[in-house]
Amino acid sequence: MFVVIAYDISDNKRRTRLHKTLKHFGFAVQESVFECHLTDAQLGHLKAVVAALVDPRVDHVRFYYLCEFCQRRNEMTEASLITADPAVVIV
């Protein structure tokens, strides 16, 4: 599944930890926005890791789930990095 994760964390230490962790799951497309192609198991693991890293009382983390149709409608500028599902191989 395609998931966009956006966060707003004021604490430098927690924000840095989360950013480094999300790099293992997807691609940074903005400073606090990641695009991830995940299986259900990977998403479950990611949510558990995020829950352990953030302070839910003050940190904001959002998971946006985009269906295949919605992904095809995404638009971006030329300079934007296009992410792809790493499990898909085009021959």
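Residues numbered from 1 in each chain as written. Predicted model: local features only at pLDDT ≥ 70, side-chain atom pairs only at ≥ 80, totals over all residues. Heavy atoms only, no water.

Engineer: Where do I start with the packing of helix α1 (residues 12-22) against helix α2 (residues 40-53) in this structure?
Structural biologist: Helix-helix packing: each pair is described by the crossing angle between the helix axes and the interaxial distance. Orientation of α1 relative to α2, taken along the N-to-C sense of each, is 165 degrees, at an axis distance of 10 Å. Classed by the angle they form, the pair α1 and α2 counts as roughly antiparallel. As for how α1 packs across α2, the hand of that crossing is right-handed. In contact with Arg14, Arg17, Leu18, Thr21 and Leu22 of α1, α2 contributes Leu46, Val49, Val50 and Leu53. Looking at the contact of α1 with α2 residue by residue, the classes come out as six nonpolar, one polar and two charged. (Axes fitted to C-alpha atoms, helices over the stretch in contact; angles between N-to-C directions. Helix = DSSP H or I, 4+ residues; strand = E, 2+ residues; numbered from the N terminus. Parallel < 35°, antiparallel > 145°, perpendicular 65-115°, else oblique. Left-handed = near helix turned anticlockwise from the far one by under 90°. Contact = heavy atoms within 4.5 Å. Nonpolar A, V, L, I, M, F, W, Y, C, P; charged D, E, K, R; others polar.)

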